[in-house]
Amino acid sequence: MPKFKVIKEGINEQLIASTQAKVEKYIQELFHDYEVAKIENTYSFSFGTVNVNIRIIGWHSEDVLVEVYSYLAEDVNLSPDMAEELLRLNASMHFGSFGLTFDRAVVYSYALAGANLDLNEFVAAVQTVATVADSYDEMFKQKPQTA
């Protein structure tokens with residue numbers, strides 16, 4: 001049997017709140033007040049031609065997730081070739097991944113465990129999502145996607 005603990009079900013509201021406070025502190029260090037909008041529990045900022053979002057959600061009783069994500073294109077019907085290209089891109093990404101949402105939007109996302117989140121890994125996630133999303137959004141907006 002592995003030595004690691006089994007993940008326990010449940011949501012830790014106190015941990016969500018403390019992680020949110022930590023993320024807000026990091027956001028203040030990285031951005032001017034006018035650069036980031038907060039709507040409910042999601043922070044959003046513009047980078048190049050994309051918007052990057054950050055939210056904290058429950059994961060299990062001992063940790064939370066910090067999700068950093070960006071929508072690259074909406075209402076996309078991927079051709080088999082474009083879907084294959086998306087999967088090949090995922091294979092070359094060190095952190096984060098491309099995905100297709102239930103409503104056919106292409107998204108790039110990166111999730112971090114939040115209980116022991118530090119500034120270095122938060123900055124890496126934000127920079128990665130911002131630069132990757134801004135670099136690849138035009139690919140999904142300009143190419144014909146239907147077969």
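Let me begin by describing the structure that accompanies this report.

Calculation criteria
- Residues numbered from 1 in each chain as written.
- Predicted model: local features only at pLDDT ≥ 70, side-chain atom pairs only at ≥ 80, totals over all residues.
- Heavy atoms only, no water.
- Phe/Tyr/Trp six-rings, centres within 6.5 Å; stacked < 30°, edge-to-face > 60°.
- Helix = DSSP H or I, 4+ residues; strand = E, 2+ residues; numbered from the N terminus.
- Buried < 20%, exposed > 50% of the residue type's maximum accessible area, 1.4 Å probe, protein only.
- Pairing = 2+ DSSP bridges.
- Axes fitted to C-alpha atoms, helices over the stretch in contact; angles between N-to-C directions.
- Contact = heavy atoms within 4.5 Å.
- Expected span 1.5 Å × (residues − 1).
- Arc of directions from axis to C-beta.
- Polar contact = N/O pair within 3.5 Å; in protein donor to acceptor, adjacent residues only side chain to side chain.

### So, the packing of aromatic side chains
Okay, so step 1: One pass over the structure, following the stated rule, counts 6 aromatic pairs.
Okay, so step 2: When the centroid spacing of 4.5 Å and the interplanar angle of 45° are considered together, the rings of Phe 31 and Phe 45 count as tilted. Of this pair, Phe 31 sits in the loop between α1 (13–30) and β1 (37–39) while Phe 45 sits in strand β2 (residues 42–47), placing them 14 residues apart in sequence. A single burial state applies to Phe 31 and to Phe 45, both of which are buried.
Okay, so step 3: With a centroid separation of 5.7 Å and an interplanar angle of 20°, the aromatic rings of Phe 95 and Tyr 110 are classed as stacked. One end of the pair, Phe 95, is in the loop between α2 (80–92) and β5 (97–100); the other, Tyr 110, is in strand β6 (residues 106–113), and 15 residues separate them in sequence.
Okay, so step 4: Take Tyr 110: its relative accessible area is 9%, and that puts it in the buried class.
Okay, so step 5: In this structure an aromatic cluster arises from ring pairing among Phe 98, Tyr 108 and Tyr 136.

### Things to note about the pairing of β2
Okay, so step 1: The sheet contact formed by β1 and β2 spans 3 bridges and is antiparallel. Paired with Lys 38 across the strands is Tyr 43, a residue of β2.
Okay, so step 2: By the bridge criterion, 6 bridges tie β2 to strand β3 (residues 50–60) in an arrangement that is antiparallel. Within β3, the residue paired with Tyr 43 across the bridge is Ile 54.
Okay, so step 3: Counted along the chain from β2 to the antiparallel partner β3, the turn is 2 residues long, and its residue Gly 48 has a positive phi close to 60°.

### Looking at the sheet that holds β3
Strand pairing in a sheet relies on backbone hydrogen bonds, with the paired strands running either antiparallel or parallel.
Okay, so step 1: In space, the 6 strands of this open sheet follow the order β1-β2-β3-β4-β6-β5, with antiparallel pairing throughout. Edge positions in the sheet fall to β1 and β5, since each has one partner strand and no second. In this sheet, adjacent strand axes meet at a mean angle of 30° when their direction is disregarded.
Okay, so step 2: Sheet topology note: the β3/strand β4 (residues 63–73) ladder contains 7 bridges and is antiparallel. Residue Gly 58 lies in a different strand from β4, and its bridge partner there is Val 64.
Okay, so step 3: The strands that α1 touches are β1, β2, β3 and β4; relative to β3, the one it contacts most, it runs at about 155°.

### Topic: α1
Okay, so step 1: Helix length check: α1 (18 residues) gives 26 Å between terminal C-alpha atoms against 26 Å at 1.5 Å per residue, within 8%.
Okay, so step 2: Among the residues of α1, Leu 15, Ile 16, Thr 19, Gln 20, Val 23, Tyr 26 and Ile 27 are the ones counted as buried. The arc that holds every buried residue of α1, seen down its axis, measures 135°, which confines them to one face. Of the exposed residues in α1, the ones pointing more than 90 degrees away from its buried face are Gln 14, Lys 25 and Gln 28.
Okay, so step 3: The backbone nitrogen of Gln 14 has a side-chain oxygen 3.2 Å away, supplied by the residue at the start of α1, namely Asn 12.

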